[in-house]
Amino acid sequence: LLFNLANEDILDIFARLNSYTVTLNKQELLNAKYLGYFKQASYHLGFKYVDFFLRGGILTMANITRMAETELAGDMLMAIVGGVQTNKSIEQFYKKYEDKDSGIPEAIEKFDNIMSHIGEIYSPEELKNTNWSRNHLFYTLFTSIGHCIYSIDGLDNNLRSPLKKKNLGQVRVCLDEISAKYDEILADIDNPDAPKDYKKFIQRSQRGTTDTVSRVERTSFVCKKIKDYLQ
């Protein structure tokens, strides 16, 4: 369904449809099936931050042509409104907020504030040189910063740390250290002396990366490291 589009945009859409015989992916199907508030919010946020995602190396132009920016934004928005969970739950939120916007405007404001904090910690170009540019680890960065600021359902509130402008530099040092140790420990993962918490974090970053347990444990790990660093 096309609403209020210029003729050239409509022609471009149909040109692409007629040029490629590619099966629609899950996100494209969701976009076609739903019209509601969660869908519109995901699309809006994906479009708003697509430049950051591209410059930060989180997504590529090839990903963007298949609505990956909307998928990522929707996944992170779901964490704000419903807690950290598997991306397999996403359609439930498209359905739930198809006809009502209860909580969505507030969630968008929170999303923007979390991204603003991330932007204060890392420019996209700086982020690109860290492991946080990996798609699943950027999700963890987002939920970790989000939990510190707002408290996200399903995560331990005892792991939260108040984030202020004056301590974001310390948070950056902590995140840089996690990223560096990730590479260091991964290179010698069978070393029995390697920190067990890091080894588990790496394991949760390599297998079942979008499962609820993996996401919760990765976020909890990062939040704990931030809290320890700021104490």
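Shown above is the structure to which this text applies.
The paragraphs below set out a description of the structure included in this document. (Residues numbered from 1 in each chain as written. Predicted model: local features only at pLDDT ≥ 70, side-chain atom pairs only at ≥ 80, totals over all residues. Heavy atoms only, no water.)

### Digging into the overall build of the protein chain
Now for step 1: Each helix and strand counted, the protein chain has twelve helices and zero strands in total.
Now for step 2: For the protein chain, the proportion of its 231 residues judged to be buried stands at 42%.
Now for step 3: One way to put it: in the protein chain the 30 positive side-chain charges average out to a point 5 Å from where the 31 negative ones average out. (Helix = DSSP H or I, 4+ residues; strand = E, 2+ residues; numbered from the N terminus. Buried < 20%, exposed > 50% of the residue type's maximum accessible area, 1.4 Å probe, protein only. Lys, Arg positive; Asp, Glu negative; His and termini not counted. Charge placed at Lys NZ, Arg CZ, Asp CG, Glu CD.)

### Considering helix α7 (residues 104-121)
Now for step 1: The end-to-end C-alpha distance of α7, which contains 18 residues, comes to 26 Å, matching closely the 26 Å that a straight helix rising 1.5 Å per residue would cover.
Now for step 2: The set of residues buried in α7 consists of Ile 104, Ala 107, Ile 108, Phe 111, Ile 114, Met 115, His 117, Ile 118 and Ile 121.
Now for step 3: At its buried positions, α7 is contacted by α3 (37-55), α5 (68-82), α8 (124-128), α9 (135-150) and α10 (168-186). (Expected span 1.5 Å × (residues − 1). Contact = heavy atoms within 4.5 Å.)

### With respect to the packing of α10 against helix α11 (residues 196-204)
Now for step 1: Direction vectors running N to C along α10 and α11 enclose 85°, while the axes themselves pass 10 Å from each other. With respect to each other, α10 and α11 are oriented roughly perpendicular. On α11, the residues touching Glu 177, Ile 178, Lys 181, Tyr 182, Ile 185 and Leu 186 of α10 are Tyr 198, Lys 199, Phe 201 and Ile 202.
Now for step 2: Class assignment of the residues belonging to the contact of α10 with α11 gives a composition of seven nonpolar, no polar and three charged. (Axes fitted to C-alpha atoms, helices over the stretch in contact; angles between N-to-C directions. Parallel < 35°, antiparallel > 145°, perpendicular 65-115°, else oblique. Nonpolar A, V, L, I, M, F, W, Y, C, P; charged D, E, K, R; others polar.)

### Focus on the packing of aromatic side chains
Now for step 1: This model, assessed by the stated rule, comprises eleven aromatic pairs.
Now for step 2: For the ring pair Tyr 34 and Tyr 94, a centre distance of 5.7 Å and an interplane angle of 45° mean the geometry is tilted. Of this pair, Tyr 34 sits in the loop between α2 (26-33) and α3 while Tyr 94 is found in helix α6 (residues 90-96), placing the two residues 60 residues apart along the sequence. For the residue pair Tyr 34 and Tyr 94, the accessibility class agrees, reading buried in each case.
Now for step 3: Measuring from ring centre to ring centre gives 6.2 Å for Tyr 182 and Phe 201, while their planes differ by 85°; the resulting arrangement is edge-to-face. Linking Tyr 182 in helix α10 with Phe 201 in helix α11, this pair joins segments that are 19 residues apart in sequence.
Now for step 4: One aromatic cluster is present, built from ring pairs that chain together Tyr 34, Phe 38, Phe 93, Tyr 94 and Tyr 97. (Phe/Tyr/Trp six-rings, centres within 6.5 Å; stacked < 30°, edge-to-face > 60°.)

### Things to note about α10
An α-helix turns once per 3.6 residues; consequently, residues spaced three or four apart project the same way.
Now for step 1: Along its 19 residues, α10 runs 27 Å from first to last C-alpha, staying within 8% of the 27 Å computed at 1.5 Å per residue.
Now for step 2: Buried within α10 we find Leu 168, Val 171, Cys 174, Leu 175, Ile 178, Ser 179, Tyr 182 and Ile 185. Burial along α10 is one-sided: seen end-on, the buried residues are contained in an arc of 140°.
Now for step 3: On its buried face, α10 sits against α7, α9, α11 and α12 (212-230). (Arc of directions from axis to C-beta.)

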